[in-house]
Amino acid sequence: MTTGIADYAGYFLQGAAITIWISWLALLLSAVVGTIFAAAGLSSLWPLRVLATAYVETFRSIPILVLLFFCYFGLSLVFSINLSPFVAATIALTLELSSMMAVIVRAGIQSVSRGQWEAGLATGMRRWQVWRYIIMPQAIRVILPPSVGVYIAALKDSSLASIIGYVELTKTGLLVRESTGRNFQVLVVVAALYFVINYSISLVGAALEKRFQIVH
Amino acid sequence: MYHFSFREIAPYLVQLPDAIWTTISLSVLTAILSGFLGIPGALARRSRWLLVRFIVGLYVEVMRNVPLLIVLYLVFFSLPQTGLRLDGFESALIALTLNSSAYMIEIFRSGLIAIPRVQYEAAASQGMTRLQTLRLVVLPQVLRVVYGPIGNQLVGIVLGSSLASVVTVAEITSWMDTAGSATFRYFETFIVAGAAYLAICQIINLARILTGRLLFGRHAAASR
């Protein structure tokens, strides 16, 4: 690369670190929210099932950019609070990713046959013990590999946080582009950084998938 | 307490049908272009030449791992430097197609993998030509595997088309932002824009399920 851009290497790495961090935070939050909605979707109470379906279908159908605008401008106006771009982006990403996680976690729980529930309860285990010691250890094998895909989606979608002014990798690139005037080179560097991060993580995902493969 | 009111955004609703139409036409064009690129791309990923496999594989991995926004910026800001004049809609169409064809290639590839080698041999032994084999043996089975993922990809294209608002295309997201910033009624414009996206995506989902039922009967795979 030309010297003009190499001077900004520190900023690029910092931007990349922020991208990795906010995506990770959003992934963890969406795992929690997603698990709640997965449990609701498997509930025996129909209002909970309807609620879970409505939540998943709504946030799977609304673009992340729309959610970002809504969280940054809309929520601030409605609740008369000042949301920072960081908080707004985290909420928007969590709303979007949790709808993916709900589907994944639900499939994981359903992959464990009903008979094991009954067997667990029959041996005198409590409900939470069946969850903790029988269902989850098996479900996690089904949940983890696609969760890596969700993390990659988070890393890519967090680039849109740049539009509401959050300085992550993409915004860093745009700022460097403004101060150096080097359009193409800067964007290629940003693209390369995203590629290296996401491709490495996708390799981890592929390894996990292989490791957890259930042989019938 | 926030007073919910649609009255203030009412004057902006007249622009909404045009915005919805722009989202739909951008998405449909992207779907058609990337669908057509996906089939030869998938065949190229199974080419007998290593170089062809490598180049297409690299293309797919790059597009799947680089955010659409960066691809869009590259098209919108960098292509004009080569002398090519593109408006926002064309840039968005190119970026979305570049991105979506990578997914389409993978979808069609997964469809091709599902067909065992022996079926090609069996078809050849029946005296079928290559084209006949593709049309009568391969394609019907590939369709069965790919229609579900293609439905999901169409939803992905509609969601991705929202990025066109960044390069001045007046589609649904851009409408929401314009009407919201003019009236400070972001919550109300969000509900309208969200409902529009929800409706479009659910229609696609419904079409996907119906396609499965009609073509492959009740036991069609309910892929998500």
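Structure: see above.
Numbering of residues starts from 1 in every chain and runs along the sequence as written. Both sets of labels track the order of writing: A upward for chains, 1 upward for ligands. Local features in a predicted model are, by the rule used here, given only for residues with pLDDT of at least 70; side-chain atom pairs are given and counted only at 80 or more, and totals for whole chains, interfaces and linings are based on all residues. As a rule here, side-chain values cover all heavy atoms of the structure and leave hydrogens and water aside.

Undergrad: Before we go on, may I ask you to explain the packing of aromatic side chains in this structure?
TA: Given two aromatic rings, one states the distance between the centres and the angle between the planes to describe the pair. Planes of paired rings set the category: under 30 degrees apart is stacked, over 60 is edge-to-face and the rest tilted, where pairs are Phe, Tyr or Trp rings (Trp by its six-membered ring) whose centres lie within 6.5 Å. Overall, the coordinates contain 14 aromatic pairs over all chains when judged by the stated rule. Both rings, one in A:Phe70 and one in B:Phe190, keep their centres 3.9 Å apart while their planes meet at 20 degrees; by these two values the pair is stacked. In this pair, A:Phe70 sits in helix H4 (residues 64-79) while B:Phe190 sits in helix H8 (residues 186-216), so the two residues belong to two different chains. Any residue under 20% of the maximum accessible area for its type is buried, any over 50% is exposed, and the rest in between are partly exposed; the area is computed with a 1.4 Å probe on protein chains only. A residue is classified by how much of its surface remains accessible, and B:Phe190, at 12% relative accessible area, is buried. Between A:Phe86 and A:Tyr166 the ring centres are 5.8 Å apart and the planes differ by 40 degrees, which places this aromatic pair in the tilted class. Strands are runs of DSSP state E lasting at least 2 residues, helices are runs of H or I lasting at least 4, and numbering of each runs from the N terminus.

Undergrad: Could you clarify how one ought to interpret the layout of surface pockets in this entry?
TA: Gaps between atoms show up when a probe of the same size as a water molecule is rolled over them. Residues and elements named next belong to chain B. Space inside and on the surface of the protein is sampled on a 1 Å grid over the protein atoms alone, with a cavity defined as a set of points where a 1.4 Å probe fits but cannot get out and a pocket as an open set with protein on both sides within 12 Å along at least 5 of 7 lines; lining residues have an atom within 4 Å of a point. Grid points are joined across faces, edges and corners, and a volume is the space filled by probe spheres set on the points. Each pocket or cavity is described by its volume, and for the second largest pocket that value is around 490 Å³. In terms of lining residues, the second largest pocket is bounded by 14 residues, among which Leu43, Arg46, Arg117, Tyr120 and Arg130 are the most central. For the lining of the second largest pocket, the elements supplying multiple residues, two or more each, are helix H5 (117-125) and helix H6 (130-160). Partitioning the lining of the second largest pocket into residue classes produces seven nonpolar, three polar and four charged. Amino acid classes used here: Ala, Val, Leu, Ile, Met, Phe, Trp, Tyr, Cys and Pro are nonpolar; Asp, Glu, Lys and Arg are charged; the rest, including Gly, are polar.

Undergrad: What exactly am I supposed to notice about empty space enclosed by the protein here?
TA: Residues and elements named next belong to chain B. If you walk through the whole model with that rule in mind, you get one cavity of 30 Å³ or more. Approximately 30 Å³ is the volume found for the largest cavity. Taken together, Leu68, Leu72, Ala92, Ala95, Leu96, Gly160, Leu163 and Ala164 make up the full set of residues lining the largest cavity. Looking at the lining of the largest cavity, the elements that each hand over two or more residues are helix H3 (68-78) and helix H4 (88-113). Top contributing element to the lining of the largest cavity by residue count: H4, with three residues. Partitioning the lining of the largest cavity into residue classes produces seven nonpolar, one polar and no charged.

Undergrad: So what exactly am I meant to see when it comes to the interface of chain A and chain B here?
TA: When the parts of a complex come together, some accessible area is lost, and that lost area is often taken as the interface size. In what follows, residue pairs with any heavy atoms lying within 4.5 Å of each other are defined as contacts. Contacts between the two partners involve 35 residues from chain A and, on the opposite side, 35 residues from chain B. Any Lys or Arg side-chain nitrogen located within 4 Å of an Asp or Glu carboxyl oxygen qualifies as a salt bridge. At the junction of chain A with chain B, the criterion picks out zero salt bridges. Throughout this description, a polar contact denotes any pair of N or O atoms lying within 3.5 Å of each other; where both atoms belong to protein, one of them has to be capable of donating a hydrogen while the other can accept it, and for residues adjacent in sequence the pair is counted only when both atoms sit in side chains. At the boundary of chain A with chain B, the tally comes to six residue pairs in polar contact (both at pLDDT 80 or more). Broken down by secondary-structure element, the contributors of at least two residues to the side of chain A that touches chain B are helix H3 (46-61), H4, helix H7 (127-157), helix H8 (169-180) and helix H9 (183-211) of chain A. Broken down by element, the side of chain A that touches chain B gets its largest block of residues, ten residues, from H9(A). Residue classes in the side of chain A that touches chain B are distributed as 23 nonpolar, eight polar and four charged.

Undergrad: I keep staring at the nonpolar core and nothing clicks. Help me out?
TA: Take the buried residues of types Ala, Val, Leu, Ile, Met, Phe, Trp, Tyr and Cys, join any two whose side-chain atoms come within 4.5 Å, and each joined set is a nonpolar core. Membership of the largest hydrophobic core comes to 109 residues, with the highest contact counts inside it found for A:Phe12 and B:Met176. It is H7(A) that contributes the most residues to this core, twelve residues altogether. Sequence-distant contacts of B:Met176, defined by excluding residues within four places in its chain, comprise A:Val66, A:Phe69, A:Phe70, B:Tyr186, B:Thr189, B:Phe190 and B:Ala193. With ten residues, the next largest nonpolar core counts B:Met104, B:Phe108, B:Ile115 and B:Val142 among its residues.

Undergrad: Would you mind showing me how to read the packing of H8(A) against H3(B) here?
TA: Closest axis-to-axis distance for the H8(A)/H3(B) pair is 11 Å, and the angle between their directions is 20 degrees. In terms of orientation, H8(A) lies roughly parallel with respect to H3(B). For the pair H8(A) and H3(B), the sense of crossing is right-handed. Mapping the contact onto sequence places A:Thr170, A:Leu174 and A:Arg177 in H8(A) and B:Leu69, B:Ile70, B:Tyr73 and B:Phe77 in H3(B). Taken together, the residues that form the contact of H8(A) with H3(B) break down as five nonpolar, one polar and one charged. Throughout, an axis means a line fitted to C-alpha atoms (over the contacting stretch in the case of helices), and angles, computed between N-to-C directions, take values from 0 to 180 degrees. What sets the label is the angle itself: under 35 degrees gives roughly parallel, over 145 gives roughly antiparallel, 65 to 115 gives roughly perpendicular, and the rest give oblique. Take the far helix as your reference; a near helix turned counterclockwise from it by less than a right angle gives a left-handed crossing, and one turned clockwise gives a right-handed crossing.

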